[in-house]
Amino acid sequence: MVKVIGIIGSPRKNGNTEYLVEKALESAKKAGAGVEIIHLGRMKMEPCDACDICKMTGECPKDDDINEILSKMQEAHGIIIGSPVYFGNVTSHLKMLIDRSRPLRADFKLRDKVGGAITVGGSRNGGQETTIAAIHEFLLIQDCIVVGDGSPLAHYGGTGFGGAVDGIKNDDFGIQTSKNLGERITTLSKKIWK
């Protein structure tokens with residue numbers, strides 16, 4: 001069975017990004033994946049100090065939760081990364097994970113993992129695409145296979161609007177694109193990781 005993990009880059013508990021990542025994972029589970037959720041806002045994390053020890057040892061010397069997250073990313077077949085839009089980009093929580101993922105890139109441990117992005121902005125055009133692009137860039141640099149939400153919409157990934165009437169739960173478009181992404185990542189992961 002393929003495994004799909006959902007990484008929530010939001011510092012908030014029970015926020016909009018978490019809701020959409022959960023919807024994507026529900027869809028992944030229905031498509032036959034084992035799923036796990038990782039909430040960066042509940043983890044102990046420190047920023048990269050550029051010490052270069054990981055270049056010599058293949059591991060980060062910091063004793064926090066990021067090393068465990070990196071292991072889970074390596075074990076997964078599919079990776080969904082979600083972030084709210086912070087000034088047109090990812091949160092500092094997600095950026096810490098990205099910066100600290102250098103040990104995975106040493107010998108491309110994420111090669112051919114299927115990855116995708118979910119973002120939530122304060123308005124319908126609130127920086128979702130630029131934030132998705134930042135996540136896609138990270139996945140591409142790690143040599144992952146990057147996918148969007150697929151047909152019938154076929155855009156960059158899950159894009160939520162946090163300012164929808166009564167909140168994200170009424171953003172049908174954001175929910176549908178997130179569900180589509182979860183299904184697409186699972187379907188392609190099953191084809192690649194037979």
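Residues numbered from 1 in each chain as written. Predicted model: local features only at pLDDT ≥ 70, side-chain atom pairs only at ≥ 80, totals over all residues. Heavy atoms only, no water.

## Observations regarding helix H4 (residues 92–100)
What counts is decided by this rule: To sort residues, take the accessible area from a 1.4 Å probe on protein chains only and compare it with the maximum for the residue type: under 20% means buried, over 50% means exposed, and anything in between is partly exposed. Labels follow the DSSP assignment, with helices taken as runs of H or I lasting at least four residues and strands as runs of E lasting at least two, numbered in each case from the N terminus. Pairs of residues are marked as contacts when any of their non-hydrogen atoms sit within 4.5 Å.
Taken as a whole, H4 has its buried residues at Leu94, Met96, Leu97, Ile98 and Arg100. The inward-facing, buried residues of H4 contact strand S1 (3–8), helix H3 (66–75), strand S3 (78–84), helix H5 (102–105) and helix H6 (128–141).

## Quick word on the side chain of Glu18
The condition that has to hold: What qualifies as a polar contact is a pair of N or O atoms within 3.5 Å, subject to a donor-acceptor requirement within protein and to the restriction that residues adjacent in sequence count only when both atoms come from side chains.
Within the element layout of this structure, Glu18 appears in helix H1 (residues 16–30). Among the residues examined, Glu18 registers a relative accessible area of 7% and is labelled buried. At 3.3 Å, the side chain of Glu18 and the side chain of His39 are in polar contact. Setting aside chain neighbours within four positions, we find Glu18 in contact with Ile8, Arg12, Lys13, His39 and Arg42.

## Re the pattern of salt bridges
The following threshold applies: Any carboxyl oxygen of Asp or Glu that lies within 4 Å of a side-chain nitrogen of Lys or Arg is treated as forming a salt bridge with it.
Evaluated as defined, the whole model comprises 13 salt bridges. A salt bridge links Lys62 to Asp49; the shortest N-O distance between them is 2.7 Å. Highlighted residues: Lys62 in the loop between helix H2 (53–57) and H3 and Asp49 in the loop between strand S2 (34–39) and H2, separated in sequence by 13 residues. For Lys109, the salt bridge goes to Asp107, with nearest N and O atoms at 2.8 Å. Look at the salt bridges and you will find they share partners, linking Lys3, Glu36, Glu68 and Lys72 into a network.

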